[in-house]
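For reference, the chains in residue letters:
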Amino acid sequence: MELYNLKDHNEKVSFAQAVVKGIGKDQGLFFPDHIEPLANVDELLDLPLVERSQKILRHLIGDEIPELESIIADAFTFKAPIVKADENVYALELFHGPTLAFKDFGARFMARVLGSIRGDKHLTILTATSGDTGAAVAAAFYEQKGIDVVVLYPKGKISDLQEKLIATLGKNIKAVQVDGIFDECQDMVKTAFDDVEFKTTVGLNSANSINISRLLAQVSYYFEAVSQLPKEKRNNVVFSVPCGNFGNITAGLIAKALGLKARFVISCNANDTVPRYLQSGKWDPHATVATLSNAMDISRPNNWPRVEALVKMQGWSLKDFAFGSMSDAETEKTMQNLYKKTGYVLEPHAAIAYQTLENNLKEGETGIFLGTAHPAKFKADVDRILGIDLPLPQALADKAKLASQAVELPADYNTLKAYVLKELKLN
C-alpha cells in the first residue's frame, strides 16, 4: 500500500512506514492517492466480522504485513451489533470491547501491527485524547514490551470514568492531565513530531486517529453494520457519525469508496467548524467549547484534510453531505425523548448522532447512528438527564475503585518534553 503526505506529495511511504512515522513532513497526514473498489461486496457481507475484515484489510494494505490475518483475529475479539433504537433506525454499538468505546478497534489493531513491525526498536507512543482514545490506546499497549505510552488529556474535561481507564494502569502507561483544552494537547503532540531530535531519541509515534492503521481498522465495522441488515435494506443505508477529530467518518468514507452503498451525515455539537464550513464555504474555527459530548469538543479537526482528499479522489462533492449540530440542551432533550419513546439509553455523543440522523432521514432509507461509547462512561450525566441509576459494567466498576497515577502539567511543550525524557531515563 502506497501512501503520500497530503502536504508534500513527494513524500511517499508504505503502510508499515506510515504506521511507524505516524505523521509526515510539515505535519502532513498520510493517505492513499487511490482506493481500488472491492469486487465482491455482497459476498463479503455474508461473512463473519473477522473473516470479512481480513479480506478487506488485506485488499487495502496488500502483502507487506504477512501476519495481517492473525493480527486481525487477535484484535477483533468482540462484537459490534446493531440494535433497533427507533422505527427504521439502528444503533451501531461500538462499545463492546475492553474499554467500552469504538477506539478499541483501531487501537488494538495498531498495537498489534506496531508490535509486529517494530523489530528491536523502542517506541514511544504520544497521543492526545478528548475522551476515549487514551483509554483504548492505554489498554491496547499495556505491558507491551519495547513500547511506552504517554497519554495527554485536558484536565477536568473528560469524564471521571474515562480518566480512570487511562490513569490507573501505570507501568508503561504514563497519564498526563494537561491544564488546557484538547486542541492544546493535540498541538503539543504535533510540536513533538516536528522536534526531530526528540522524535528520534524516544522513537516517537502517535496513536491518534492521524495514524492510518487506526482508520483502516475502523473501516471494518461499517461493513459489519450493513451485514446485519436484511438484504433488501442494504442498498439504502444512511450512517450518522458523531464527529470530533473526523477520523471515524473518514473510515466510513473509505468503506464507501470500497463499494459499500451508503450516505453519511456529519453530526457535531457546539464545536461546529465543519457544519459552518459546509454551509458558508469559510473555514472559521471558533474557540473550543466544553460540552456534554466531550469527545467531540474539537474545533480544528485533524482528519478533515483526509475527508477533502477522499471527496476529491472519488469525484464526490462536499454538497452531498448532510450535517447538523446540537446544543447541550437539545442533546439532553433527545436523550429524554428516545428513552421515553423506546427505552433506548443514549449517551450524549450518540444522542447527537441519533437526532441529526432523524433530522436528515428520507423515506425508504434505513438509518444507522454510531454509538461510540457505553452510556455508563457518562453515568453521572446519563443518570441526571434520564432520572435513572445506570449500572456500571464490570470493566468500569473495577477501575472506578482505583487511584489515579496521572501527573499534571501545563500546556507547554518544553515541560512535556522534559517529563518524557525523565520518565524514559533519556536525559
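Because the structure is a prediction, the values reported are computed rather than measured.

Colleague: Just checking my understanding: could you explain the pairing of strand β2 (residues 8-14) for this structure?
Modeller: Remember that side chains alternate between the two faces of the sheet whenever the strand is regular. In this sheet, β2 lies alongside strand β1 (residues 2-5) in antiparallel orientation, the contact comprising four bridges. Bridged to Asn 5 within β2 is Asp 8. Counted along the chain from β1 to the antiparallel partner β2, the turn is two residues long.

Colleague: Honestly, the nonpolar core in this entry has me stumped. Any pointers?
Modeller: A general trend in soluble globular proteins is that nonpolar side chains are found buried together. If you look at the biggest cluster of nonpolar residues, it comprises 155 residues, and the most contacted ones within it are Phe 109, Phe 239 and Phe 369. When residues of this core are assigned to their parent elements, the largest contribution, ten residues, is made by helix α10 (residues 212-227). Excluding its chain neighbours within four sequence positions, the residues that come into contact with Phe 239 are Tyr 222, Ala 225, Val 226, Leu 260, Ala 262, Arg 263, Phe 264, Val 265, Ile 368 and Leu 370.

Colleague: Any chance you could explain α10 here in plain terms?
Modeller: Since the α-helix advances by 3.6 residues per turn, residues separated by three or four positions end up pointing in the same direction. Spanning 16 residues, α10 covers 24 Å between terminal C-alpha atoms, matching the ideal 22 Å at 1.5 Å per step. Across the 16 residues of α10, 16 count as buried, placing the element largely inside the fold.

Colleague: What's the story with the sheet that holds β2 in this structure? I'm lost.
Modeller: Two strands in a sheet stick together by hydrogen bonds in their backbones, pointing the same way (parallel) or opposite ways (antiparallel). One open sheet holds the three strands; their spatial order is β2-β1-β3, and the pairing between them is antiparallel. The open sheet is flanked by β2 and β3 (30-31), the only strands paired with a single partner. Of the pairings in the sheet, the one linking β1 to β3 comprises two bridges and is antiparallel in character. Note that in β3 the partner of Tyr 4 across the bridge is Phe 31.

Colleague: Explain the packing of α10 against helix α11 (residues 247-258) to me, please; I cannot follow it from the model alone.
Modeller: Each pair of packed helices can be described by the angle between their axes along with the distance between the axes. Running from N to C, α10 and α11 point in directions that differ by 65°, and their axes come no closer than 8 Å. The way α10 lies across α11 gives a crossing that is right-handed. Packed against α10, whose contacting residues are Leu 215, Leu 216, Gln 218, Val 219, Tyr 221, Tyr 222 and Phe 223, the element α11 presents Gly 247, Asn 248, Ile 249, Thr 250, Ala 251, Gly 252, Ile 254, Ala 255 and Leu 258 at the interface.

Colleague: Looking at this structure, how should I read the pattern of salt bridges?
Modeller: As enumerated under the stated definition, the model contains 19 salt bridges in all. Of the charged contacts, one joins Arg 384 and Glu 332 as a salt bridge, the two residues approaching to 3.2 Å between their closest N and O atoms. Of this pair, Arg 384 sits in helix α16 (residues 379-386) while Glu 332 sits in helix α14 (residues 328-342), and the two are 52 residues apart along the sequence. On the basis of relative accessibility, which here comes to 48%, the residue Arg 384 falls in the partly exposed class. Connected through salt bridges with shared partners, the residues Asp 46, Lys 231 and Arg 234 form a single ionic network.

Colleague: Where do I start with the packing of aromatic side chains in this structure?
Modeller: Two measures describe an aromatic ring pair: the distance that separates the ring centres and the angle between the ring planes. Within the structure shown, the criterion is met by 14 aromatic pairs. Arranged with centres 5.4 Å apart and planes meeting at 85°, the rings of Phe 246 and Trp 304 form a pair that is edge-to-face. Residue Phe 246 is located in the loop between β10 (237-242) and α11, and its partner Trp 304 is located in helix α13 (residues 304-314); the two are separated by 58 residues in the primary sequence. Relative accessible area serves as the criterion here: at 3%, Phe 246 is assigned to the buried category. Accessibility expressed as a relative area gives 4% for Trp 304, which makes it buried. With a centroid separation of 5.3 Å and 80° between ring planes, the pair formed by Tyr 277 and Trp 283 is classed as edge-to-face. The class of Tyr 277 is buried, set by a relative accessible area of 17%. Taken together, the ring pairs in this structure connect Phe 76, Phe 78, Phe 105, Tyr 221, Tyr 222, Phe 239 and Phe 264 into an aromatic cluster.

Criteria and cut-off values
- The numbering scheme is per chain: residues are counted from 1 as the chain's sequence reads.
- Predicted model: local features are reported for residues with pLDDT of at least 70 only, side-chain atom pairs are reported and counted for 80 or more only, and whole-chain, interface and lining totals are derived from all residues.
- Hydrogens and water are ignored here; the side-chain numbers use all heavy atoms of the structure.
- By the convention used here, strands pair only if DSSP detects at least 2 bridges between them.
- Think of it this way: any DSSP run of H or I at least four residues long counts as a helix, any run of E at least two long counts as a strand, and we number them from the N terminus.
- Note on terminology: a nonpolar core comprises buried Ala, Val, Leu, Ile, Met, Phe, Trp, Tyr and Cys residues joined through side-chain atoms within 4.5 Å.
- Burial classes: relative accessible area under 20% of the type maximum marks a residue as buried, over 50% as exposed, and values in between as partly exposed (1.4 Å probe, protein chains only).
- Whether two residues are in contact is decided by their heavy atoms, any of which lying within 4.5 Å being enough.
- Expected span of a helix: the number of residues minus one, times 1.5 Å.
- Axes here refer to lines fitted to C-alpha atoms; in helices the fit is confined to the stretch in contact. Angles between the N-to-C directions go from 0 to 180 degrees.
- Helix crossings fall into two classes, left-handed where the near helix is turned counterclockwise from the far one by less than a right angle and right-handed where it is turned clockwise.
- Salt bridge, as used here: a side-chain nitrogen of Lys or Arg that lies within 4 Å of a carboxyl oxygen of Asp or Glu.
- Aromatic rings from Phe, Tyr and Trp, taking only the six-membered ring of Trp, are treated as a pair when their centres fall within 6.5 Å; an angle between ring planes under 30 degrees marks them as stacked, one over 60 as edge-to-face, and anything in between as tilted.

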